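Take a look at the letters that make up each chain.
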Amino acid sequence: KRTIQNSLKPYNVASIRTEIVDPETIQIRLTISFKYNSTITTKTVDDLNALIVSTLTTYSQNTLEQFNSQFRFSDLIGQIDDADSAITSNVTTIQMSKKITPTLNTIGAYEVNFGNSIYNPHSGHEAVISSTGFKISGDDNELFIDDNNGALRTYYFIGTTKTIVNANFGTVDYIAGKINIPSANIISVSDVDGVTSTQIRIVAVPSSPDIIPLRNNILEIDLPNSTVSGKVDTATSSSGSSVATTSAAITTADTSTSYITTGTSSSSGY
């Protein structure tokens, strides 16, 4: 970075100061349920799952994962339908996530800026934000984050009972897509996807099915936390049978969502 800055100095006018900003990744996780016509294919539902996962991988690598590359929902669901001629439709939901790296054992402020508005249809709507676990000073519980009417909250579970610890841990600007934690002394971070981590992942439901990266943001499909499942389309398959399965992709526990986006190759809604 310093080398690039120094090499640009001879070309800068007096009022311009060059600054290099690291890219930030917004990961898009998908939950895909598709139907297929079993009378026109010998492929199994697992075969079709694999074709869709391959489509997602190619879409992420070739369409996303670079500056200014936009996620267009209708384009992707059309590609899912086109992954095989037997696929008749798909219903897909989306979430977006970013990670923060806390400075442990130090009081600090943190901001997550998605640059895309967060779903909030009305006051008092159920939580659309979730997180991986962490611990803060003075509390032995593994904490998680959700939201309530613009406030960011921390909570932990006793069995299946959610216990709110701090109802004002931070704020959520749904329109701007910003999450702010003004002051927190985080002392440890839980594993993420079963792997030791130094980061906390924040997941949010976007208000639009299209996600547009701003400035230094880059988009990619979060394949390990996306799921694909399929079943026979009884409207087109004479057998009338219905078999469902899920691909090897897994969805972790921090994916609570109430926002549903549906679509086929010719239509979408949210």
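Read on for an overview of the structure. (Residues numbered from 1 in each chain as written. Predicted model: local features only at pLDDT ≥ 70, side-chain atom pairs only at ≥ 80, totals over all residues. Heavy atoms only, no water.)

One finds Leu30, Phe71, Ile118, Ile129 and Ile179 to be the most contacted residues of the largest nonpolar core, which totals 51 residues. Here this core takes six residues from strand β1 (residues 24-36), the largest share from any one element. When neighbours within four sequence positions are excluded, Phe71 is seen to be in contact with Ile28, Leu30, Tyr59, Leu64, Leu76, Ile94, Pro209, Asp210, Ile211, Leu219 and Ile221. (Core = buried A, V, L, I, M, F, W, Y, C linked by side-chain atoms within 4.5 Å. Buried < 20%, exposed > 50% of the residue type's maximum accessible area, 1.4 Å probe, protein only. Helix = DSSP H or I, 4+ residues; strand = E, 2+ residues; numbered from the N terminus. Contact = heavy atoms within 4.5 Å.)

Before going further, it helps to examine helix α2 (residues 45-62). Taking 1.5 Å per residue as the helical rise, α2 with its 18 residues ought to reach 26 Å, and the 26 Å between its terminal C-alpha atoms agrees with that figure. Within α2 the residues assigned to the buried category are Val45, Leu48, Asn49, Ile52, Thr55, Leu56, Tyr59 and Ser60. Projected down its long axis, α2 shows its buried positions confined to an angular sector of 130°, all on one face. Across α2 from its buried face, at more than 90 degrees, point the exposed residues Gln61 and Asn62. (Expected span 1.5 Å × (residues − 1). Arc of directions from axis to C-beta.)

Summed over all chains, the structure comprises five aromatic pairs. Summarising the aromatic geometry, the rings of Phe144 and Tyr155 are spaced 6.0 Å apart at their centres and angled 35° between planes, so their arrangement reads as tilted. One end of the pair, Phe144, is in strand β6 (residues 144-148); the other, Tyr155, is in strand β7 (residues 151-158), with 11 residues separating them in the sequence. The residues Phe144 and Tyr155 share a single accessibility class, namely buried. (Phe/Tyr/Trp six-rings, centres within 6.5 Å; stacked < 30°, edge-to-face > 60°.)

Attention now goes to the pairing of strand β11 (residues 217-221). Where burial is concerned, most of β11 is hidden: four out of the five residues are buried. Pairing geometry for β1 and β11, over five bridges, is parallel. From the neighbouring strand, Ile28 faces β11, where its bridge partner is Ile221. (Pairing = 2+ DSSP bridges.)

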